[in-house]
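Geometric and topological summary
Next come the chains, spelled out residue by residue.
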Amino acid sequence: MSDSDHEFDVLVLGFGKAGKTIAMGRAKAGDRVALIEKSPDMYGGTCINVGCVPTKTLLTDAHLHSSARTAAAAGVGSEGGDADALSAAQDRRDTLISKLNAVNKKLADDAGVTVIDGDAEFTGPKTVRITGGPDELTVTARTIIVNTGSVPVRPPIAGIDGPRILDSTQVQHVPEHPARLAVVGGGPIGLEFATMFAQFGTSVTVLDGSERFLGRFDRDVAEQVRADLEKLGITILSGAKVSGFSSDDGGVTVSHDGGELQADYVLLAVGRRPATDGLGLEAAGIATTERGAIEVDEHLQTNVEGVYAAGDVNGGPQFTYVSYDDHRVITSAVWGDGSRTTSGRIIPNTTFISPPLSQVGLGEDAAREDAEGRGHTLDVRVKNIADIPIMPRPKILGEPEGIAKFLIDVEDDRILGCTLYCVDSQELINLVTVAMTQSIPASALGSAIYTHPSSSEVFNALLA
Ligand SMILES: Cc1cc2nc3c(=O)[nH]c(=O)nc-3n(C[C@H](O)[C@H](O)[C@H](O)COP(=O)(O)OP(=O)(O)OC[C@H]3O[C@@H](n4cnc5c(N)ncnc54)[C@H](O)[C@@H]3O)c2cc1C
Ligand SMILES: NC(=O)c1ccc[n+]([C@@H]2O[C@H](COP(=O)([O-])OP(=O)(O)OC[C@H]3O[C@@H](n4cnc5c(N)ncnc54)[C@H](O)[C@@H]3O)[C@@H](O)[C@H]2O)c1
């Protein structure tokens, strides 16, 4: 590379969702764009390689395996062994993610993005040194997007560095089918893996430090979810304080305030923190928050002009689709009229347990406070999925369990919040989000004509 090859219009640090989307878009628009990624195994970012896509692939296969086992017990079809099923699912996952990883690199190359392997580190406000790859070099750019994602939190617990204590990436590659898995943390990562391994025949115990299981959710929903997870064979210990791990060749002993637990492996899933270690933020004068995230304004600009932070690293909600929206906010700020910002975003979420648990907007207490604060009335419409006769799809699929809950401002006919714990809820919640974002009245969602049998009929049942 000559000196001028080290000067770019746009520099993206990390192959995350926002960064790669901006990089490809700006390269196609004619800008000189470089994207720095520390590991070729991560081309395409966390979601594709170690996050959403591999875990949902494994969860899908676990669900199919569990259904086949149930069918076999009822004399329909035949069941394969749990270990073979896990191993086959891992193979399918590997095939899929290696394809997606390669496609992401090719898309970037084809768009004209210069992808540079190595660790990025600021040496000044607009200067970045790249080390650890084939070449050591320093690059500069007018606009820099930091999109380095997040890393698992590792609390200071005795024995945490033992070989059988795995993070969410390592557990996906567990070398043998575990008979017993202890999961520390009852958030989305903990519960999705707990579901997956239970469906592959592993005996799973979740130790969650929080006294309230699924604390972000209404109690009626959380209790139903807990009962269903327990039905799947998962033991849930709420308010569990883990004090130590002791690993040997045969397994690991987990010490907690309620006693000791034997497991083959432990999954540590107690949150993720912004990936800023070694980024040299001090050299650039980039400010961080108390929680270690890069501080940004509503345009996602840092305190250094021209330097933006997108995705998990800016401390926002840790979802791929939020990182995707961050790309739109930054694009608007740098190359548009700046009208798209992070303020007022309505962000849904789904935890891919069985059935999926989805939520958007406020919970019941907050919705009541919100409505009553405006002198309005809150209507809580809640039904067990099994008790909705005009919505047979869940029963057809053999998964009739769940709850649908809508929180409606009566005077405004407006949805303030919604929780759907049912088959297809990961799709339904997006429709509710559109209604909330576009101020579509609740009754309009309820009076529309939907195909049959479909899960959308839940709107006819509860909102008409
Ligand atoms: C197990 C798991 C399951 C998940 N499931 C879901 C899900 O179902 N749905 C959902 O929406 N979200 C899910 N998430 C969260 C989602 O994956 C993240 O929120 C999202 O991928 C974050 O994207 P990002 O744009 O911030 O950056 P990332 O995609 O994390 O990319 C950051 C990139 O930067 C690179 N990097 C880091 N530091 C440097 C450096 N100094 N120099 C160069 N490169 C660097 C990293 O290698 C990485 O490739 C899951 C996460 C995990 C861990
Ligand atoms: N389906 C999805 O969208 C999806 C799936 C997986 C991950 N994610 C994203 O990844 C992020 C990280 O997920 P996560 O589940 O690791 O984190 P989390 O912060 O959402 O949940 C962590 C859980 O661990 C518990 N905990 C914290 N410290 C503990 C300790 N010392 N001992 C026992 N329990 C402890 C907390 O009470 C909490 O229940 C999520 O916030 C989410 O945004 C999303």
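Residues numbered from 1 in each chain as written. Chains lettered and ligands numbered in written order. Predicted model: local features only at pLDDT ≥ 70, side-chain atom pairs only at ≥ 80, totals over all residues. Heavy atoms only, no water.

In the annotation of an unreviewed UniProt entry, the entry for the protein reads Putative pyridine nucleotide-disulfide oxidoreducta se YkgC, and the organism field reads Dietzia timorensis. As its UniProt record puts it under Sequence similarities (unreviewed entry), the protein is described as follows: "Belongs to the class-I pyridine nucleotide-disulfide oxidoreductase family." (UniProt positions renumbered as here; feature names shortened; annotations may be inferred.)

**Some words on the environment of Ala 18**
Relative to the helices and strands, Ala 18 resides in helix H1 (residues 17-28). Along the chain, Ala 18 and Ser 323 lie 305 residues apart, while their C-alpha atoms are 5.1 Å from each other. Those residues within four positions of Ala 18 in sequence are excluded, and the remaining contacts are Asn 147, Ala 310, Ser 323, Asp 326 and His 327. (Helix = DSSP H or I, 4+ residues; strand = E, 2+ residues; numbered from the N terminus. Contact = heavy atoms within 4.5 Å.)

**Focus: the domain arrangement of the protein**
When cut into domains, the protein gives domain 1 (3-151 + 273-335), domain 2 (165-270) and domain 3 (349-463). Between domain 2 and domain 3, the contact holds 14 residues from the first and 16 residues from the second. For the pair domain 2 and domain 3, the two sides together bury roughly 1,400 Å², of which 59% comes from carbon and sulfur. Viewed at the interface, domain 3 and domain 2 are joined by two salt bridges. Here Lys 405 ties to Asp 218 by a salt bridge, and the two come within 2.9 Å at their closest N and O atoms. (Domains from an automatic or database assignment. Buried area = accessible area lost by both parts, 1.4 Å probe. Salt bridge = Lys/Arg side-chain N within 4 Å of Asp/Glu carboxyl O.)

**Things to note about the sheet that holds strand E20 (residues 378-384)**
Across the sheet, five strands lie side by side as E18-E19-E22-E21-E20; this open sheet has antiparallel pairing. Edge positions in the sheet fall to strand E18 (349-351) and E20, since each has one partner strand and no second. Across the sheet, the mean angle from the axis of one strand to that of its neighbour is 10 degrees, orientation sign disregarded. Bridge count between strand E19 (residues 357-361) and strand E22 (residues 414-421): five bridges; the pairing is antiparallel. The residue of E22 that forms the bridge with Gln 359 is Thr 419. Relative to the sheet, helix H11 (residues 425-437) contacts E18, E19, strand E21 (403-409) and E22, its axis offset from that of E22 by approximately 175 degrees. (Pairing = 2+ DSSP bridges. Axes fitted to C-alpha atoms, helices over the stretch in contact; angles between N-to-C directions.)

**Comments concerning the packing of aromatic side chains**
Tallied over the entire structure, the rule returns five aromatic pairs. Summarising the aromatic geometry, the rings of Phe 319 and Tyr 321 are spaced 5.0 Å apart at their centres and angled 10 degrees between planes, so their arrangement reads as stacked. By relative accessible area, Phe 319 is classed as partly exposed at 29%. We classify Tyr 321 as partly exposed; its relative accessible area is 37%. Three or more aromatic residues joined by ring pairs form one cluster here, namely Phe 406, Tyr 450 and Phe 459. Here the guanidinium or amino end of Arg 164 rests over the ring plane of Tyr 265, the centre of that ring lying 5.0 Å away. In this structure, Arg 226 is placed above the aromatic ring of Phe 213, and the distance from its NZ or CZ to the ring centre is 5.4 Å. (Phe/Tyr/Trp six-rings, centres within 6.5 Å; stacked < 30°, edge-to-face > 60°. Buried < 20%, exposed > 50% of the residue type's maximum accessible area, 1.4 Å probe, protein only. Lys NZ or Arg CZ within 6 Å of the ring centre and 35° of its normal.)

**As for the UniProt feature "active site" (unreviewed entry) in the protein**
The sites that UniProt annotates as "active site" (unreviewed entry) are His 452. For His 452, a relative accessible area of 57% puts it in the exposed group. Leave out the neighbours within four places in its chain, and His 452 touches Ile 390, Pro 392 and Glu 457. Here the side chain of His 452 touches Glu 457 through a polar contact of 2.5 Å, side chain to side chain. (Polar contact = N/O pair within 3.5 Å; in protein donor to acceptor, adjacent residues only side chain to side chain.)

**Thoughts on the nonpolar core**
Counting residues in each nonpolar core, the largest one holds 36 residues, and the members touching the most others are Met 196, Phe 197 and Val 225. Elements with a minimum of two residues in this core: helix H3 (52-73), helix H4 (82-111), strand E9 (180-184), helix H5 (188-199), strand E10 (203-208), helix H6 (219-231) and strand E15 (265-268). The element that contributes the greatest number of residues to this core is H5, accounting for six residues. Apart from residues lying up to four places away in sequence, Val 225 is in contact with Phe 213, Leu 214, Ile 353, Leu 357 and Tyr 421. (Core = buried A, V, L, I, M, F, W, Y, C linked by side-chain atoms within 4.5 Å.)

**Comments concerning the site of ligand 1**
In the neighbourhood of ligand 1, 33 residues make up the surrounding shell, with Glu 37, Thr 46, Lys 56, Asp 312 and Ser 323 lying closest. At 2.7 Å from an oxygen atom of ligand 1 is found a side-chain nitrogen or oxygen belonging to Glu 37. Take Phe 319: an N or O atom from its main chain is 3.2 Å from an oxygen atom of ligand 1. The protein chains hide 92% of the 1,000 Å² of surface that ligand 1 would expose on its own. Mapped onto the shell around ligand 1, the elements with two or more residues apiece are strand E2 (33-37), helix H2 (46-49), H3, strand E4 (119-124) and helix H8 (320-335). Its residues assigned to classes, the shell around ligand 1 shows 11 nonpolar, 15 polar and seven charged. (Near = heavy atom within 4 Å. Areas by Shrake-Rupley, 256 points an atom, 1.4 Å probe, with all protein chains shown as cover. Nonpolar A, V, L, I, M, F, W, Y, C, P; charged D, E, K, R; others polar.)

**Overview of the packing of H3 against H5**
Contact pair H3 / H5: the axes reach a minimum separation of 8 Å and the direction vectors enclose 35 degrees. Regarding H3 and H5, the two cross each other, and that crossing is left-handed. Listed contacts from H5 to Thr 55, Lys 56, Leu 58, Leu 59, Ala 62, His 63, His 65, Ser 66 and Arg 69 of H3 are Glu 192, Phe 193, Thr 195, Met 196, Ala 198 and Gln 199. (Left-handed = near helix turned anticlockwise from the far one by under 90°.)

**Concerning the pairing of strand E14 (residues 259-263)**
The sheet contact formed by strand E13 (residues 251-256) and E14 spans five bridges and is antiparallel. Considered in E14, the bridge of His 256 is made with Gly 259. Connecting E13 to the next strand, E14, in antiparallel fashion are two residues.

**Considering the site of ligand 2**
Taken together, 20 residues lie near ligand 2, and Glu 192, Gly 209, Gly 271, Gln 318 and Thr 350 sit nearest. At a separation of 3.3 Å, an oxygen atom of ligand 2 approaches a polar backbone atom of Pro 188. With respect to ligand 2, the backbone of Gln 318 contributes an N or O atom lying 2.7 Å from an oxygen atom. Here ligand 2, which alone exposes 850 Å², has 72% of that area covered by the protein. Every element with two or more residues in the shell around ligand 2 is listed here: H5 and E10. Broken down by element, the residue count for the shell around ligand 2 peaks at three residues, all from H5. Its residues assigned to classes, the shell around ligand 2 shows eight nonpolar, eight polar and four charged.

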